[in-house]
Amino acid sequence: MSFTSARSRWSDVWLVTMARGVSSCGDFLAASALTLALQSAGAGGLAVSGLLMAATLPLVVLVPLTGRLADRVDSRTLLVVVGLAQAGICLALAHTGQPALVIVLVGLLATGLAVTQPVLAALVPAMVRPEDLPRASAMQQSAGTLGALAGPALAGVLVGGFGVRLPLLIDAASYLALVGAGLLIRTRRGGGRRVAASPSSGAPASTGWRLRRDPLLLATVVGVAGVVGAVGAINVVEVFFIRETLHSTTTMYGLVTGAWTLGVLAGAWVFARLAGRLRRDGAMAGASLALLGGCCVAVLASAAVPSAALLVPIWLAGGICNGGENVFGNVLMARRVPEASRGRAFAVFVGAVQGASMVGYLAGGFLLELFAPRPLVAGAGLAGVIAVAVLAVPVARAARAERGGPTATGSGVESSAPEERAGAARAAGAGLATPAPGR
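Reference entry: report on the structure contained in this document. Not measured: the values here are computed from a predicted model.

### As for the nonpolar core
Alright, step 1. One finds Val-227, Phe-241 and Leu-311 to be the most contacted residues of the largest nonpolar core, which totals 88 residues.
Alright, step 2. Ignoring anything within four residues of it in the chain, the contact list for Phe-241 reads Leu-246, Ser-302, Ala-303, Val-305, Leu-311, Pro-373, Arg-374 and Val-377.
Alright, step 3. Formed by 17 residues, the second largest nonpolar core is a distinct cluster that contains Leu-93, Leu-105, Leu-109 and Tyr-175.

### Things to note about helix 14 (residues 373–403)
Alright, step 1. Helix length check: helix 14, at 31 residues, gives a terminal C-alpha distance of 44 Å against a target of 45 Å (1.5 Å per residue), a fit within 8%.
Alright, step 2. Bending of helix 14 peaks at approximately 30° at the position of Ala-392, with proline Pro-394 no more than four residues after it.

### As for helix 9 (residues 234–245)
Residues spaced three or four apart along an α-helix face the same direction, because each turn holds 3.6 residues.
Alright, step 1. The terminal C-alpha atoms of helix 9, which comprises twelve residues, lie only 14 Å apart, well short of the 16 Å expected from a rise of 1.5 Å per residue.
Alright, step 2. With nine of twelve residues buried, helix 9 lies mostly within the body of the structure.
Alright, step 3. His-247, located one to two residues past helix 9, shows a positive phi value of around 55°.

### Examining the packing of aromatic side chains
Alright, step 1. Applying the stated criterion across every chain, the model contains two aromatic pairs.
Alright, step 2. Their ring planes at 90° and their centres at 5.9 Å tell us that Trp-260 and Trp-315 sit as a pair that is edge-to-face. You can see Trp-260 sitting in helix 10 (residues 250–277) and its partner Trp-315 sitting in helix 12 (residues 311–336), a full 55 residues away along the chain.

### Observations regarding the pattern of salt bridges
Alright, step 1. Counted by the stated rule, this structure contains three salt bridges.
Alright, step 2. Across the pair Asp-74 and Arg-188 runs a salt bridge, and its minimum N-O distance is 2.3 Å. Highlighted residues: Asp-74 in the loop between helix 3 (63–72) and helix 4 (75–94) and Arg-188 in the loop between helix 7 (165–184) and helix 8 (215–231), separated in sequence by 114 residues.
Alright, step 3. A relative accessible area of 11% means that Asp-74 is categorised as buried.
Alright, step 4. When its relative accessible area of 23% is taken as the criterion, Arg-188 is described as partly exposed.
Alright, step 5. Between Asp-281 and Arg-336 there is a salt bridge, and its shortest N-O distance comes to 2.7 Å. With Asp-281 in helix 11 (residues 281–302) and Arg-336 in helix 12, this pair connects stretches of sequence that are 55 residues apart.

### Some remarks on unusual backbone geometry
Alright, step 1. Notably, His-247 is not glycine yet its phi reads approximately 55°, a positive angle.
Alright, step 2. Following the sequence through the fold, His-247 ends up in the loop between helix 9 and helix 10.
Alright, step 3. A relative accessible area of 68% means that His-247 is categorised as exposed.

Quick notes on the rules
Residues numbered from 1 in each chain as written. Predicted model: local features only at pLDDT ≥ 70, side-chain atom pairs only at ≥ 80, totals over all residues. Heavy atoms only, no water. Core = buried A, V, L, I, M, F, W, Y, C linked by side-chain atoms within 4.5 Å. Buried < 20%, exposed > 50% of the residue type's maximum accessible area, 1.4 Å probe, protein only. Contact = heavy atoms within 4.5 Å. Helix = DSSP H or I, 4+ residues; strand = E, 2+ residues; numbered from the N terminus. Expected span 1.5 Å × (residues − 1). Bend = angle between axes of the 7 residues up to and from the residue. Phe/Tyr/Trp six-rings, centres within 6.5 Å; stacked < 30°, edge-to-face > 60°. Salt bridge = Lys/Arg side-chain N within 4 Å of Asp/Glu carboxyl O.

Given below as structure tokens:
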């Protein structure tokens, strides 16, 4: 695969890291504030489900367009133009009280996110040498997680003290961090540019990549999406479970949801080391699915707690599994997809996961009209565990097939040597960070 052949540009990595941390904090701050505002106003599960759908639908339906934009248009142009547009949309959202208009504006914000996500995801491998990718991936994961950790907690405090407008204004300002990063980052993609291939890589920067040509990556994407779809109802149910079933305050809601993201932060660094030691992509794909199973077990266990405080250690453990799964997924994608197609590849992955999460959102919204939150939390966790068991079969089959012959890459050529591939070793609220709205 194509990484930078020169020294890693850590200054660029740090710029992306800081921008992602600031913008992620603003984004989760706004998402949590809007969710709390709906719940406090007496809205039901369908209203919360509709808000989450508006924040997700563009990431699914625009995949064919946004992936190609990320690969063909100058990354600096995309980050600056889209970041400024998102800041303006968020300002309008802060001064809007009509629910229908709020949903439309949230959808427009998500349209910008559908563009910037694959741009940033594809830029990071181009900034570093293969052996530095796990560290760079963990840094990006940590930045997004710290933002996601601070955002819900701040939302709980700010909504209770100042209402929903202030969090939305802060979110508008946070988009400027993305604009600043776009102007300062030296590494660029698209617009006719091609990052030089690493001389150690045996794969050309092919533009003919197709997910269906890579059985292992296809099985992994389907597996992650399937599990997310099964357990995704938790993203709708959680606010009602914590606030109404467990009778907790908005501040406690922010702290509990922050426990999951704190676990994601820890898990990113713990499993980044392991990612560098896994020589076989099949082993990494299997480990990624197993960690998703750990997330689902945590959700299932949370249904039995009598108080919100007891959710903290359970969701912390689930977040650790989630952080490891995110790192494994990012490294696996960067290993197997040619540089020229990474924007499209990351867009396809995000679109598949977000599309699956929409199923969970719809299910959660409708089921809340029929059942209490606690059994729904248990049902979501159980459905996720079952999905992991079922989807482990095609992942294991693809891994076995790959061990039986030359390791295939997305470009259809044999991969580089095992030691080079070892050196080479995402994209959310609470619940699974993978499908949650975020930058």
